[in-house]
Each structure stands twice: as structure tokens, then as C-alpha cells.
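One letter stands for each residue in the lines below.
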Amino acid sequence: MKQNELIYYTLFNYKGWSMYIAATEKGLCYVGSQNEPIDELEKWVQKKFKHGKLIGNNEQLTPYIQELMDYIDGKIKDFTYAFDLKGTDFQKKVWQQLCTIPYGETVCYSDVAKKIGNPKAVRAVGTAIGANPIAVIIPCHRVLGKDGSLTGYSGGLPIKEKLLQLEGIPYKK
């Protein structure tokens, strides 16, 4: 019988931000959508971890919580912690590319597709971005439409707007 993989989680609640975050021993693996119930995290764990076991543990998540608070407060622009990403190789390639977008700057979907060496994969890039398990930390909010307009965001457009405003990024509605 295979041993359970432990996934530690807590409810991050700070200055109007409220979302579940989770990490394994390897690193941060999940940042939930704003104001969503724990069911969202439970369903994600069932899908991504065959033998995953959720354990509420604020202490285990303290380093992640602190950096997220510092980001919201404008004290840091980059996150330093390790990730434990669950996704396809293509998704991981897209997510790694998103991590290279500097704070306060944006790109469009076709830019990401070109950077990963697959310029025709714009729709697939959009799908991979939508599957980002640690939104906010992997900055998918920094991807806009070619004309600078807001496009989809898994956590909802109001959250994307809030993140863009936090970073002082102009966009079209």
C-alpha cells in the first residue's frame, strides 16, 4: 500500500484577500481562488495527488504566508520559495515562462507561446495559464490580450484587476 503524501494547508486571510494555500514538503503547490470554500482545494487534491492527505497546519505555511503578505504590502516583487507543481510538461513550461515576466510588466498570450518555442500554441498556452495551480505567485495576471485588454482569469476578472492595480499595471477594460 502506497503511503499518503501530506499536503499542508491553511486559509490565508489578509487585507481583503482570502484564499486557501497548500504546500507539500517539496514546496508550495496550491493557491486557491478568492473567497472559495475548502471544497475547491479538496477537489484539486483528489485530482492531482493519488495518495494525498490534507492537513491543516498554519505553522508549516508561515514562510509562504509571510511572503504573500509582503507582496500585498508592496515590500517584495518576487517570491523566493520552492514549488511542487503538478501538471503536464507543457503546462510546466508555460508556468516557468510566466515566472520570467517582471513585476509591473505584462505580455500577451502570443508572446508566451513564442518564448516557449511554439508560436502557434496560443490557445494551448491560454489553457495552461488557466490551469495554473498557484495563481498570484506564478503571475498569470500579467498576461493580457494583444491590445492590452483584460482576458480570462481562473480566479475571476475582478481579482486579476486587483492584482494589476496592486502592481501599478495599466490595462484596458
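Residues numbered from 1 in each chain as written. Predicted model: local features only at pLDDT ≥ 70, side-chain atom pairs only at ≥ 80, totals over all residues. Heavy atoms only, no water.

Draft legend 1. Molecular detail of the environment of Pro139. With respect to the element layout, Pro139 can be found in the loop between helix H5 (122-130) and strand S6 (143-144). With relative accessibility at 4%, the residue Pro139 sits in the buried group. Spatially, the C-alpha atom of Pro139 lies 9.2 Å from that of Leu163, the residues being 24 residues apart in sequence. With near-sequence residues (within four places) excluded, Pro139 lies in contact with Leu98, Cys99 and Ile101. (Helix = DSSP H or I, 4+ residues; strand = E, 2+ residues; numbered from the N terminus. Buried < 20%, exposed > 50% of the residue type's maximum accessible area, 1.4 Å probe, protein only. Contact = heavy atoms within 4.5 Å.)

Draft legend 2. The packing of aromatic side chains, seen in detail. Counted under the stated rule, the structure contains eight aromatic pairs. Aromatic pair Tyr64 and Tyr81: ring centres 4.7 Å apart, planes at 70°, arrangement edge-to-face. Taken together, the residues span a long stretch of sequence, with Tyr64 in helix H2 (residues 62-72) and Tyr81 in the loop between H2 and helix H3 (89-98) at a distance of 17 residues. For the pair shown, Tyr64 and Tyr81 are each scored as buried. Taken together, the ring pairs in this structure connect Tyr64, Tyr71, Phe79, Tyr81 and Tyr103 into an aromatic cluster. The cationic tip of Lys162 hangs over the ring face of Trp17; the distance from NZ or CZ to the ring centre is 4.3 Å. (Phe/Tyr/Trp six-rings, centres within 6.5 Å; stacked < 30°, edge-to-face > 60°. Lys NZ or Arg CZ within 6 Å of the ring centre and 35° of its normal.)

Draft legend 3. Representation of the UniProt feature "domain: Methylguanine DNA methyltransferase ribonuclease-like" (unreviewed entry) in the chain in the model. Within this structure's numbering, the places UniProt gives as "domain: Methylguanine DNA methyltransferase ribonuclease-like" (unreviewed entry) are residues 7-84. As a span, residues 7-84 carries 28% helix and 31% strand, and end to end its C-alpha atoms are 10 Å apart. (UniProt positions renumbered as here; feature names shortened; annotations may be inferred.)

Draft legend 4. Region of interest: the pattern of salt bridges. The final tally for this structure, using the stated rule, is four salt bridges. Note that Asp84 is salt-bridged to Lys86, the shortest N-O span being 3.5 Å. What makes Asp84 buried here is its relative accessible area of 6%. Lys173 serves as the salt-bridge partner of Glu161, at 3.2 Å between the closest nitrogen and oxygen. Of the two residues, Glu161 is situated in helix H6 (residues 157-166) and Lys173 in the segment after H6; the sequence distance between them amounts to 12 residues. When its relative accessible area of 80% is taken as the criterion, Lys173 is described as exposed. (Salt bridge = Lys/Arg side-chain N within 4 Å of Asp/Glu carboxyl O.)

Draft legend 5. A look at the side chain of Gln34. The residue Gln34 is located in the loop between strand S3 (28-31) and helix H1 (38-48) in this model. When residues no more than four places from it in sequence are discounted, the contact partners of Gln34 are Gly16, Trp17, Ser18, Met19, Ile159 and Lys162.

Draft legend 6. Representation of the state of the cysteines. Counted by the stated rule, this structure contains zero disulfides. In this structure Cys140 is not part of a disulfide, and its nearest cysteine sulfur, from Cys99, lies 10.0 Å away. (Disulfide = S-S within 2.5 Å.)

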